[in-house]
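Single-letter residue listing:
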Amino acid sequence: MILRRAFLFAFVLVLALLPLLPVSEFWITQANYIGLYSLVVIGLVLLTGVAGLISFGQSAFVGIGAYTTAYLAIKFGVSPWLTLLAGLAITAVAALVLGWVTLRMSGHYLALATIAWCLALYYLLGNLEPLGKFDGLTGVPSLRLFGFSLDNRRHFFYLVWLLVIAAALMASYLLDSRMGRALRAVRSGTVMAEAMGVNTFRIKVIAFILAALLASVSGWLYAHFQSTVNPSPFGLNMGIEYLFMAVIGGAGYIWGALVGAGVMPVLHDQLQTWMPRLLGVTGNYEIVVFGVVLVLVLRYARDGLWATVEARLPRVRRRTDWADARPLAERARPAHGEVVLDARALRKTFGGLVAVNDVDLQVRAGEILGLIGPNGAGKSTTFNLLTGVLGVTSGEITLRGESIRGMRSREIARRGVARTFQHVKMLADMTVLENVALGAHLRGSAGTMRALLRLDRAEERRLFREAESQLRRIGIADLMHEQAGNLSMGTQRLMEIARALCADPTLLLLDEPAAGLRHKEKQALAGVLRQLRSEGLSILLVEHDMDLVMDVTDRIVVMEFGTKLTEGTPAEVQANSAVRTAYLGN
Ligand SMILES: Nc1ncnc2c1ncn2[C@@H]1O[C@H](COP(=O)(O)OP(=O)(O)OP(=O)(O)O)[C@@H](O)[C@H]1O
């Protein structure tokens, strides 16, 4: 922590002193450009590095910010501070529309859409008469602050870097928040995040708009710095360069944005100066070398330059300051024995295949129901129907008397159903505590604005208090500051259970929790499940490990070829000859 603080202090000190030192105008100008790029790339860190959404079109949002201020300031003499607001508003609307159309699509559609959008805006700007076509607009007035002109590059430097530091701070606040955890969770797909109650589409749109707004601020500054705008810096080439800056610097890190935005232009410039001298010939050889350097960085420092620095810095342990935080509100518990989940004639077909064939099952409060069957019997499909990951073909599902048929995962989660996954789904680079706190997403309410302004600390303390108490309940609280990716498979599965418990569920669905566990870990798991049942929780357990199932369940439903074969106590199921033939083989 001390090292990181010292580093930050030194960085801010250098920034504060740089314009006062006898540094050449060239380097001050270069630093100003680096600041402008940094703003865009910080947005890309949120969008691409954290949320995993690739955009080639950030330069178009820079263009909106730049053209809005240039046009309004030149044609109507509007104050640049008002044009900033106008630019941000137009950018937000453009990003909202573009995001709304494309962010529901998975895969490469967003990347393609941002390319198309960037090209379209470039040609639009270049063809509009009032915007001066490809010649652009000249005579953008310089900024004034408290009657003080910022046309001097050294004065402008302070404004740019103040905004960069503010953006970097706010982005890091966001990442360390309820919304930040949700944003990180969408990177590896939406199923886990939705199961935690996250509206993944909404959070993607928010990230897209935030990144666009940062680009727009950069464009606003650019227009007043250059005093002229034309379409060329807002085209696809620059969009690609911004993405390169993010990747080279380290797309997963805020500091990586600053490194990438600094290294790329400086390297480009230096190569441009030195290559003709070294080779003795002129030509664009620097671009060839530049390309080779980029490939090498991508090959040998995949996670970007900052990742190599980060790996050498000591990890900061979160300060445990939540002991006296107010506990989160809990939902009303069903009475022991009450039917919590009731599925009737549940059916799912995939084309001609009947994966789940009119299955009935009930789970009561305070019992563990096992769902077993050979491979391909339809257990996972049933699990996915109950949790809203798949839609039912026919049948009815009620949770405490309310129909949840056709609801999305997050709506079902909100009603008290929490789950774990057959293949553990977690955020490997976050701590155990942060992973578990994600489970309490629906029990908090702090949104993006509160996170950006760091006004969410009281709620965060409550969420972490809950996360720690669930880890304690499961018996792994001593690991809360560990990175989740470093845990053994067994502990990761326990962590998933703690995360599910953080949602304060009425019903817990466990999908093969014993898969890949060692004998001792299975025993520990059985102990945890018994304890949870004794606390009144209802559990549906899909599991292949027969010892565990027979040991902990109260009743078992057996499936074969999508159909319910039988249902009964472990002893009845073990004695059933049809089950023995179909499932156990003898
Ligand atoms: N998305 C899908 N599209 C087509 N068929 C599917 C799909 N998901 C599952 N199936 C089929 O439905 C049947 C039931 O599969 P399911 O995964 O539910 O079985 P399972 O009992 O969970 O098996 P396992 O124990 O191996 O996980 C299988 O024949 C499977 O191939």
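The name recorded for the chain in an unreviewed UniProt entry is Branched-chain amino acid ABC transporter ATP-binding protein/permease, from Rhodoferax sediminis. Word for word, the UniProt comment on the chain under Subcellular location (unreviewed entry) is "Cell membrane".

Just checking my understanding: could you explain the overall build of the chain for this structure?
Of the regular secondary structure elements, the chain holds 23 helices and 14 strands. If one aligns the C-alpha atoms of the chain with their principal axes, the spans along those axes are about 85 × 50 × 50 Å. Counting all 586 residues of the chain, 52% fall into the buried class. Considering only contacts within the chain whose residues lie at least 6 apart along the sequence, 75% involve residues at least 24 apart. Carbon together with sulfur atoms contributes 60% to the accessible area of the chain, which is approximately 25800 Å² in total.

Help me understand the domain arrangement of the chain in this model?
For interface size, the figure often reported is the accessible area lost on association. The assigned domain composition of the chain is domain 1 (25–235), domain 2 (338–416 + 506–585) and domain 3 (426–504). The straight-line distance from the C-alpha centre of domain 1 to that of domain 3 is 32 Å. Contacts between domain 1 and domain 3 engage 17 residues on the former and 25 residues on the latter. Both sides together, the interface formed by domain 1 and domain 3 hides about 2000 Å², and carbon and sulfur atoms give 63% of it. Here domain 1 and domain 3 share 3 salt bridges between them. Among the salt bridges present, the one from E460 reaches R181, with a minimum N-O distance of 2.9 Å.

Could you clarify how one ought to interpret the layout of surface pockets in this entry?
Any space left empty among the atoms is revealed by the rolling of a water-sized probe across them. In this structure, the second largest pocket encloses a volume near 510 Å³. Forming the boundary of the second largest pocket are 22 residues, of which M170, L210, L213, L214 and L452 lie nearest the centre. Secondary-structure elements contributing two or more residues to the lining of the second largest pocket are α2 (25–50), α4 (80–102), α6 (153–175), α9 (200–226) and α17 (448–452). Here the lining of the second largest pocket takes 7 residues from α9, the largest share from any one element. Broken down by class, the residue content of the lining of the second largest pocket amounts to 21 nonpolar, 1 polar and no charged. Split by domain, the residues of the lining of the second largest pocket number at least three in each of domain 1 (25–235) and domain 3 (426–504).

Can you help me understand the pairing of strand β6 (residues 353–364) in this one?
It is a general feature of regular strands that their side chains alternate between the two faces of the sheet. Pairing of strand β5 (residues 339–350) with β6 involves 8 bridges; the strand directions are antiparallel. Across the sheet, residue A343 finds its bridge partner in β6, namely L361. Linking β5 back to β6 in an antiparallel pair, the connection comprises 2 residues, with G351 at a positive phi of about 60°.

Looking at this structure, I do not really get the packing of aromatic side chains. What am I missing?
For any pair of aromatic rings, the description consists of the separation of the ring centres together with the inter-plane angle of the planes. Under the definition given, this model contains 23 aromatic pairs. Judged by centre distance (5.9 Å) and plane angle (25°), the rings of W255 and W306 are stacked. One end of the pair, W255, is in helix α11 (residues 254–279); the other, W306, is in helix α13 (residues 305–312), with 51 residues separating them in the sequence. Within the aromatic cluster, the residues linked to one another by ring pairs are F7, F11, F157, Y158, W161, W255 and W306. The ring of W274 has R277 lying over it, and the distance from NZ or CZ to the ring centre is 4.9 Å. Over the face of the ring belonging to Y300 we find R299, whose NZ or CZ atom lies 4.9 Å from the ring centre.

I keep staring at the packing of α4 against α9 and nothing clicks. Help me out?
When two helices pack together, their arrangement is given by the angle between the helix axes and by the axis-to-axis distance. At a closest axis distance of 8 Å, the pairing of α4 and α9 adopts a crossing angle of 145°. α9 is crossed by α4, and the crossing has right-handed handedness. Class assignment for the residues of the contact of α4 with α9 results in 17 nonpolar, 6 polar and no charged.

It is not clear to me how the site of the ligand should be interpreted in this structure. Could you clarify?
The immediate surroundings of the ligand are formed by 14 residues, with G376, K379, S380, T381 and H544 found nearest. One nitrogen or oxygen atom from the main chain of A377 is found 3.0 Å from an oxygen atom belonging to the ligand. A distance of 2.9 Å separates an oxygen atom of the ligand from a polar backbone atom of G378. Considered on its own, the ligand offers 630 Å² of accessible surface; in the complex 61% of this is hidden by protein. Looking at the shell around the ligand, the elements with two or more residues in it are β6 and α14 (379–386). In terms of residues, the shell around the ligand owes the most to one element, α14, which gives 3 residues. Residue composition of the shell around the ligand, by class: 5 nonpolar, 7 polar and 2 charged.

What's the story with the sheet that holds strand β14 (residues 563–568) in this structure? I'm lost.
Each strand in a sheet pairs with its neighbour through backbone hydrogen bonds, running either in the same direction (parallel) or in the opposite one (antiparallel). The 6 strands are arranged β10-β11-β12-β7-β13-β14 in an open sheet whose pairing can be described as mixed. At either margin of the open sheet sits one strand with a lone partner, and together these are β10 (417–419) and β14. When strand polarity is set aside, the average angle formed by the axes of neighbouring strands in this sheet is 20°. In this sheet, strand β11 (residues 507–511) lies alongside β10 in parallel orientation, the contact comprising 3 bridges. Residue pairing for β11: V417 is matched across the bridge by L507. Against the sheet, helix α19 (residues 489–501) touches β10 and β11, its axis set at about 155° to β11. Where helix α20 (residues 519–534) meets the sheet, its contacts fall on β7 (368–372), β11 and β12 (538–542), and the angle it forms with β12 comes to roughly 150°.

So what exactly am I meant to see when it comes to the nonpolar core here?
In globular proteins that are soluble, nonpolar side chains generally tend to be buried together. Counting residues in hydrophobic clusters, the biggest one holds 102 residues, and the most contacted among them are I42, F61, W161, L221 and Y242. In terms of residue count, α9 provides more of this core than any other element does, 17 residues in total. Two domains each donate at least three residues to this core, and these are domain 1 (25–235) and domain 3 (426–504). Counting 43 residues, the second largest nonpolar core, distinct from the first, contains L328, L487, L510 and V552.

Help me understand helix α18 (residues 457–474), please; the structure alone is not making it clear to me.
Note on helix geometry: an α-helix contains 3.6 residues per turn, so any two residues three or four positions apart are oriented the same way. In this model α18 runs 26 Å from its N-terminal to its C-terminal C-alpha over 18 residues, within 8% of the 26 Å that 1.5 Å per residue would give. Inspection of α18 places E459, E460, R462, L463, F464, E466, A467, E468, Q470, L471 and I474 among the buried residues, and these make up the whole buried set. Of the residues flanking the end of α18, it is G475, one or two places downstream, whose phi is positive at about 90°.

Calculation criteria
- Residues numbered from 1 in each chain as written.
- Predicted model: local features only at pLDDT ≥ 70, side-chain atom pairs only at ≥ 80, totals over all residues.
- Heavy atoms only, no water.
- UniProt positions renumbered as here; feature names shortened; annotations may be inferred.
- Helix = DSSP H or I, 4+ residues; strand = E, 2+ residues; numbered from the N terminus.
- Buried < 20%, exposed > 50% of the residue type's maximum accessible area, 1.4 Å probe, protein only.
- Contact = heavy atoms within 4.5 Å.
- Areas by Shrake-Rupley, 256 points an atom, 1.4 Å probe, with all protein chains shown as cover.
- Domains from an automatic or database assignment.
- Buried area = accessible area lost by both parts, 1.4 Å probe.
- Salt bridge = Lys/Arg side-chain N within 4 Å of Asp/Glu carboxyl O.
- 1 Å grid on protein atoms, 1.4 Å probe; cavity = no way out; pocket = protein on both sides within 12 Å on 5 of 7 lines; lining within 4 Å.
- Points joined across faces, edges and corners; volume = space filled by probe spheres on them.
- Nonpolar A, V, L, I, M, F, W, Y, C, P; charged D, E, K, R; others polar.
- Pairing = 2+ DSSP bridges.
- Phe/Tyr/Trp six-rings, centres within 6.5 Å; stacked < 30°, edge-to-face > 60°.
- Lys NZ or Arg CZ within 6 Å of the ring centre and 35° of its normal.
- Axes fitted to C-alpha atoms, helices over the stretch in contact; angles between N-to-C directions.
- Left-handed = near helix turned anticlockwise from the far one by under 90°.
- Near = heavy atom within 4 Å.
- Polar contact = N/O pair within 3.5 Å; in protein donor to acceptor, adjacent residues only side chain to side chain.
- Core = buried A, V, L, I, M, F, W, Y, C linked by side-chain atoms within 4.5 Å.
- Expected span 1.5 Å × (residues − 1).

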